[in-house]
Each structure stands twice: as C-alpha cells, then as structure tokens.
Amino acid sequence: MDKVGIVGFYQVKLYSDANYGRYEMIFEAVRGAIDSAGLKKKDITTAISCTNDYYDGRTISNCYTVEVGGGYMADESKVEMDGAHAVLYGLMRILSGNHKLSLVWGGSMASCFPYHAARLYETDPTWERPVAYVNDITAAGFQMRAYLEKYGVSIEDIAKIAVKNRKNASRNPLALQEAQNANITVKDVLDSEIYADPVTELMVAQPCDGVAALLLAPEKQALKITDNPVWITGVGYNQETYYLGDRDLTKSMSMELAGKMAFDAAGIKDPKKEIDLAEFFEAYAHEEVIFSEALGLVDMGEGTNLNSEIDGDIPINPSGGAIGGNPPCGTGLIRIIEAAKQLKGEADGYQVKDAKKAIASGQIGMCAQNNIVYILEGGN
Amino acid sequence: MTEKLVVTNKGFVRADFSFWVGLYMDKFYDSFENKKIIGNKCSKCGKVFVPPRKKCGKCNETIPLDNNWVNLPNTGTLLNYTITHYKVSDRAARKAKKPQIIGMVQIDGSDTAIVYRLLNIDIENVKIGMKLKIEWEEKPKGNPADIKGFVQV
C-alpha cells in the first residue's frame, strides 16, 4: 500500500477521575495535535472520531463534539469501536486520494459509568445477557485459565507482565497515576483483589478518562508538514466468531490473520528479526502474551519467556501499554501514538534504542474478538 | 466525578427493548420447556452448535430450519471455569454473597461450549474435564434462566 504519514499527535494525561469535562478534554487533544504539526483547523479536510454511545450516555454522541472535535462545518464521521479502528477510517480517506489531512481522535470518561457492567451489553441479548454470567472480566478469566492450562504456564509468569507494564508506566508521564507503580512486585499483583480467577485487579488495564488525537497525511503532503514523519506502511484487521464457547481461547486467530495482512502490506518477512518494538492494547496482562505469539514475535507457548523489557529482545509496551491506562475508545489510538513517539526518538524516559519498525495494535470485543494491527516505520 | 458531580441521569426515560429471538432460538427455548436441550448440525463440517444457529461461519453454510436438529443429553464436560465474587451485571458496587463458579460446559454430542454457573460444587473440587449435568428450573418458562446451572454427575 502507499505509505501514509503521521504528522502530529497529542494525548491528554490519563486520570481515573479527571477534573474537567469530556468536551474540554477532546478539545485539548485535538488542538494539541494540530499545534504539534504547526497547522490550523482549516487545514483539516476530514475528521474521524471514536466514541461509544453507551459510554457517552447519549445516542449519536458525536453530534455534541462538533466544535471541539474539529467537525464544525466540516467533513466528519465516527467509528464506534477502538480508536485504532478510527485510524483505519482516516487512513482510507487519505488513500482515497480525496483528502490532504485527516484528524482522528478517540476517548471517553470511564469515571462516569460502571465500565465492566456496561460490557454486559455486548453479550447476546437473546441468550447470555438475561442470565448475566459473561462480561469482559469473566471472559478474561476463562481466557487466562485456558492459556495457563494449555501451556502449563504459572500465574506468576503472567503477573510479571503486569509488573513490567506498570513499571514502564511509571516512566511515562502521561500514564494513569494509579498504574505508575515503580516498585511493584509479582506478589503485589497476585495479592491484589481477584476479579475473575485467575485474573486479579492489577492484571487489568483499568478503564479511565482520556482522549488522544493524531493527524494523517499522504506522503507528499506529510513531507511538506514535517521533516520527521512516521509512516504507516501496513495495516491488517480480522475478527473471530462471537460466542466464547465456539473459540479456541488459548490463542488469537484474529490477531494472527491481522498480523499476516499487515506484514504482507509492509513487506515484513520475519517479524522476530525486523520488528524493534510493539505497543499492544492488552486489556489484560495475558493478552500481551497471546498477541506476541499470534504475531510470531515468539513461539507458541513461549510468550512469557520473551524478554520484552525496554532494553530487552523485543520491547513490548515500553509506555506501559493499556495497563498504563485504558480510556475506552482511546486506548488503541494511544498505542499508535506511543509507537510513533518511539520511532521519532521522543519517548523521554522509556525510549527504545534504535527503534525503526514498530507494531501498534488495537482491539475490541470479549477476549479481543477483533484485532487491528499497524506497522509503523520511522526515519527519512 | 467525586466532588464535581453535576448531573446524574437515573432512568427518567424508560425505554425497554424487546428482542425477538428468531426462529432457531425459538425452537431451542421451546425444547427448554420440556427440560430438553437441542443443537443443530452443519451439513458440511458436521459441527453441532449449541445454541443452534442459521449459519456455520467456517463453512459459510446455511443450516436449514426444518432439519439438521440434534437431540442432546443433559450431560456435559467442564472445559474451562472462572471464579468471581462480583455480580457480573454490577461489578462496580455489588458483591455476591458467595463466590460464583462460572463454567464453560460442552454438552455431550456438541462441539461448542455454553456458559453457566456451577452449583453445589466446592471451589477446591472444580476440575477441568469433570462430568456435569444440567440442573433445570422446576417449572421452565422457555428462556435462558430455565437452566439454573450445572451440578456434578
């Protein structure tokens, strides 16, 4: 595919209970992204937002975000999935040849509603919802146990992933304060409250308040705006069937297929060798392991043995990942921004050395039913 | 939104939604009224689905409404489980009195698993692979709650 440039971005600081309203937060992110590129609102030719009517507590929730979201008297549309899916929409508009600058923003305020209870509304209303045994957390409990059983991996090994991400988050000033745990231990993770055994509280990417925005431009235009764009050279997306009981939860087939599609587009033959870092939307610690395996960064069943520290073999979630803060509808978009920061050498305090190619992923659904993968490349 | 709380919207509009379950699920719930569980089978790959469905996604094959039904027993195998103290419908506030064991159970003769509570089983005795059977409501009404849960055989 033709490469598309990321020419600006901005993420607000994540809070579990932010001291300002969602519209002010959206404006901060959108204005921040435009300023970071040295552009004006009039330069945007299309705006794509990502919010969720249920999470926003109103229907057609983007009808209230027109002014702050760059949509006033402009070409504007909305995606109701993850922010990373909104980037796909923005990317397609650029690739259509009709647009010169696309603004993509996403996020919400999880402090305003019971997020995990709301996820029950994702279940089949004619079968699972009336009896209410499935939500994102119990589904995660199933998936983590399925993985542990299949490969004989210990709970401690999964807890180590949460420890790594929370330590990384402590070096990322924009991460959620509650997730910035510089001195956390495996024992702390195991001793935290059981959400759905074997998943404990500190293995969960805590839903929080936050918005992020980025700007995309076609190659020529991108080079006019900045000397140092980050290129999207591949994208892939895929989803599996809905019912948990139909799926093999020990792996992520949709991530594997999404990865293949993205690697093909970017001409990547051996991800283990070619990828310098990954930023995943891991809603739970064990998902990071399953995703690394699905993308071929490590062999099946070996995910917990990968050295994924910032100075490790393949750094994963150097920013702290989604465990470092998970604003619904914004999290996948933030992964793309974090990967872009790494490629630009702007990840102060958690910079991966010599980062040239990165993976960023977003997801939606129970046990990451749908996955979207981006290949990002830096340097001109 | 602690001290800044301005507006809380609590149900001043009531707009309940009624779902028509469709022809396949209608037949499925009809069988619940007789305390029986049924599935349907893809003609191409032979996979038996519970709950039944119109389409096998893998084969892209339509499963006809008037045949391919399979009568299944009330027994099954525990494939996976999780234990939670929380009520799934309200994790933020309410805890259940006792931790619930929620299991994924493959009904014998089917190729999929369904999610229900495990009843009268102590946490230390739960084991993947254990044999279970359906505990039906005494007076089933033809809905998902007719299955109270699964007990050990």
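What you are looking at is a predicted structure, and each value in this text was computed from that prediction instead of being measured.

**Q** I keep staring at the overall build of chain A and nothing clicks. Help me out?
**A** Helix and strand content of chain A: 12 helices and 11 strands. Here chain A has a C-alpha radius of gyration of 19 Å; the compact-globule value for 380 residues is 21 Å, and the two agree. Once the C-alpha set of chain A is aligned to its principal axes, its extents read approximately 55 × 45 × 40 Å. The 380 residues of chain A split such that 64% are buried. Sequence-distant contacts, at least 24 apart, represent 76% of the contacts inside chain A between residues at least 6 apart.

**Q** Would you mind going over the interface of chain B and chain A with me for this structure?
**A** By a widespread convention, an interface's size corresponds to the accessible area lost as its parts come together. Taken together, the contact between chain B and chain A spans 40 residues of the former and 37 residues of the latter. Interface of chain B and chain A: buried area, both sides summed, is about 3,200 Å²; carbon and sulfur atoms make up 63% of it. For the pair chain B and chain A, the interface holds one salt bridge. Of the charged contacts in the structure, one is a salt bridge between A:Asp246 and B:Arg53, with a shortest N-O distance of 2.2 Å. For the pair chain B and chain A, the interface holds 10 residue pairs in polar contact (both at pLDDT 80 or more). Within the residue set of the side of chain B that touches chain A, elements represented by two or more residues are helix H1 (23-32), strand S6 (75-86), strand S7 (95-107) and strand S8 (114-118) of chain B. A class-by-class count of the residues in the side of chain B that touches chain A yields 24 nonpolar, eight polar and eight charged.

**Q** What should I look at first to understand the layout of surface pockets in this one?
**A** Residues and elements named next belong to chain A. The space that makes up the second largest pocket amounts to roughly 520 Å³. Contributions of two or more residues to the lining of the second largest pocket are made by helix H2 (53-56), helix H4 (115-118) and strand S10 (357-364). In terms of residue class, the lining of the second largest pocket is made up of 17 nonpolar, five polar and seven charged.

**Q** Honestly, the sheet that holds strand S1 (residues 37-41) of chain B in this entry has me stumped. Any pointers?
**A** Picture the strands of a sheet paired through backbone hydrogen bonds; they go either parallel or antiparallel. Residue and element names in this part refer to chain B. Pairing is antiparallel in the open sheet, where three strands are placed in the order S2-S1-S5. Strands at the two margins of the open sheet, each flanked by one partner only, are strand S2 (48-49) and strand S5 (69-72). The sheet contact formed by S1 and S5 spans four bridges and is antiparallel. Bridge pairing in S5 places Gly-39 opposite Val-70. Strands S1 and S5 of the sheet are contacted by H1, whose axis makes an angle of about 150° with S1.

**Q** How should I be thinking about helix H11 (residues 285-294) of chain A in this particular structure?
**A** Three- or four-residue spacings in an α-helix give side chains the same orientation, since the helix completes a turn every 3.6 residues. Residue and element names in this part refer to chain A. With 10 of its 10 residues buried, H11 lies for the most part within the structure. Of all the residues in H11, the buried ones are Ala-285, His-286, Glu-287, Glu-288, Val-289, Ile-290, Phe-291, Ser-292, Glu-293 and Ala-294. Buried positions along H11 lie against helix H5 (136-151), helix H6 (155-169), strand S6 (199-200), helix H9 (253-266), S10 and strand S11 (370-377). Gly-296 sits one or two positions beyond H11 and adopts a positive phi of about 75°.

**Q** So what exactly am I meant to see when it comes to a nonpolar patch on the surface here?
**A** A cluster of nonpolar side chains, contributed by B:Trp20, B:Leu23 and B:Leu65, occupies part of the molecular surface with about 340 Å² of accessible area. With respect to the helices and strands, B:Leu65 occurs in the loop between strand S4 (61-62) and S5.

**Q** I tried to follow unusual backbone geometry on my own but got confused; where do I start?
**A** The linkage connecting A:Asp197 with the following residue, A:Pro198, adopts the cis geometry, with an omega of 5°. Here A:Pro198 lies in the loop between strand S5 (194-196) and S6. That bond from B:Val50 to B:Pro51 is cis: its omega, -5°, falls within 30 degrees of zero. The residue B:Asn68 is not glycine, and still its phi comes out positive at about 70°. Within the fold, B:Asn68 resides in the loop between S4 and S5.

**Q** Can you help me understand the packing of H5(A) against H11(A) in this one?
**A** For any two helices packed against each other, the geometry comes down to the angle between their axes and how far apart the axes lie. Residue and element names in this part refer to chain A. Orientation of H5 relative to H11, taken along the N-to-C sense of each, is 55°, at an axis distance of 10 Å. The pairing of H5 with H11 is recorded here as oblique in orientation. H5 and H11 meet at a crossing whose hand is left-handed. In this structure, H5 contributes Ala-140, Gln-143, Met-144, Tyr-147 and Tyr-151 to the contact, and H11 contributes His-286, Glu-287, Val-289, Ile-290 and Glu-293. Of the residues assigned to the contact of H5 with H11, the class counts are six nonpolar, two polar and two charged.

**Q** Is there a simple way to think about the environment of A:Leu216 in this case?
**A** Residue and element names in this part refer to chain A. One can find Leu-216 in strand S7 (residues 209-218). Between the alpha carbons of Leu-216 and His-99 there is a distance of 9.7 Å; along the sequence they are 117 residues apart. Residues within four places of Leu-216 in sequence aside, it is in contact with Val-4, Gly-5, Ile-6, Val-87, Gly-90, Leu-91, Ile-94, Lys-100, Leu-101, Ser-102, Val-104 and Ile-232.

**Q** Help me understand empty space enclosed by the protein in this model?
**A** Leftover empty space is mapped by rolling, across the atoms, a probe with the size of a water molecule. Residues and elements named next belong to chain A. Applying the stated criterion to the full structure yields five cavities of 30 Å³ or more. Its boundaries defined by the atoms lining it, the largest cavity holds a volume of some 60 Å³. Along its surface, the largest cavity is lined by Arg-22, Tyr-23, Ile-26, Thr-51, Asp-56, Thr-65, Gly-107, Ser-108, Met-109 and Val-211. Of all the elements in the fold, those that place two or more residues in the lining of the largest cavity are helix H1 (22-36) and strand S4 (102-109). The residue makeup of the lining of the largest cavity, split by class, is four nonpolar, four polar and two charged.

**Q** Help me understand the nonpolar core in this model?
**A** In globular proteins that are soluble, nonpolar side chains generally tend to be buried together. Membership of the largest hydrophobic core comes to 47 residues, with the highest contact counts inside it found for A:Ile6, A:Leu216, A:Ile336, A:Tyr374 and A:Leu376. Ranked by residues supplied to this core, first place goes to helix H12 (residues 331-344) of chain A with seven residues. When near neighbours in sequence (up to four residues on either side) are disregarded, A:Ile6 contacts A:Leu215, A:Leu216, A:Pro229, A:Val230, A:Ile232, A:Ile336, A:Ala340 and A:Leu376. In this structure, A:Ala146, B:Tyr29, B:Tyr81 and B:Met130 belong to the second largest nonpolar core, which totals 45 residues.

About the criteria used
- Numbers given for residues are sequential positions, taken from 1 along each chain in its written order.
- Both sets of labels track the order of writing: A upward for chains, 1 upward for ligands.
- The model is predicted, so local features are restricted to residues of pLDDT at least 70 and side-chain atom pairs to those at 80 or more, both for listing and for counting; the totals for chains, interfaces and linings are taken over all residues.
- With hydrogens and water excluded, all non-hydrogen atoms of the structure serve as input to the side-chain values.
- Only DSSP runs of H or I covering at least 4 residues are called helices, and only runs of E covering at least 2 are called strands; the numbering of each starts at the N terminus.
- The quantity called the radius of gyration is restricted to C-alpha atoms. Its globule counterpart is 2.2 Å times the number of residues to the power 0.38.
- Here's how the labels work: a residue is buried when its accessible area is under 20% of the maximum for its type, exposed when over 50%, partly exposed in between, all with a 1.4 Å probe on protein chains only.
- A contact between two residues is defined here by any heavy atoms of the two lying within 4.5 Å.
- Values labelled buried area give the accessible surface lost by two parts on being combined, using a 1.4 Å probe and summing over both.
- The salt bridge definition used is simple: a Lys or Arg side-chain nitrogen within 4 Å of an Asp or Glu carboxyl oxygen.
- N or O atoms within 3.5 Å of each other form a polar contact, as long as, within protein, one can give a hydrogen and the other can take it, and as long as residues adjacent in sequence are counted only when both atoms are side-chain atoms.
- For this scheme, ten residues count as nonpolar: Ala, Val, Leu, Ile, Met, Phe, Trp, Tyr, Cys and Pro. Four count as charged, namely Asp, Glu, Lys and Arg, and the remainder, Gly too, count as polar.
- Only protein atoms enter the 1 Å grid used here. Points where a 1.4 Å probe fits but cannot escape make up a cavity, open sets with protein on both sides within 12 Å along at least five of seven lines make up a pocket, and a residue lines them when an atom lies within 4 Å of a point.
- Grid points are joined across faces, edges and corners, and a volume is the space filled by probe spheres set on the points.
- For two strands to be treated as a pair, DSSP must find at least two bridges joining them.
- All axes here are fitted lines through C-alpha atoms, helices being fitted over the stretch that makes contact, and every angle between N-to-C directions spans 0 to 180 degrees.
- Patch members must show over 30% relative accessible area and no salt bridge, and they are joined within 9 Å when carrying like charges or within 5 Å when they are nonpolar side chains of Val, Leu, Ile, Met, Phe, Trp or Tyr.
- In this description, accessible areas are obtained by the Shrake-Rupley approach with a 1.4 Å probe, and a residue is regarded as covered only by the protein chains that are shown.
- Should an angle lie under 35 degrees it is considered roughly parallel, over 145 roughly antiparallel, and from 65 to 115 roughly perpendicular; all remaining angles are considered oblique.
- Note on convention: near helix rotated counterclockwise from far helix by under a right angle means a left-handed crossing. Clockwise means right-handed.
- Working definition of a nonpolar core: buried Ala, Val, Leu, Ile, Met, Phe, Trp, Tyr and Cys residues. They are joined through side-chain atoms within 4.5 Å.

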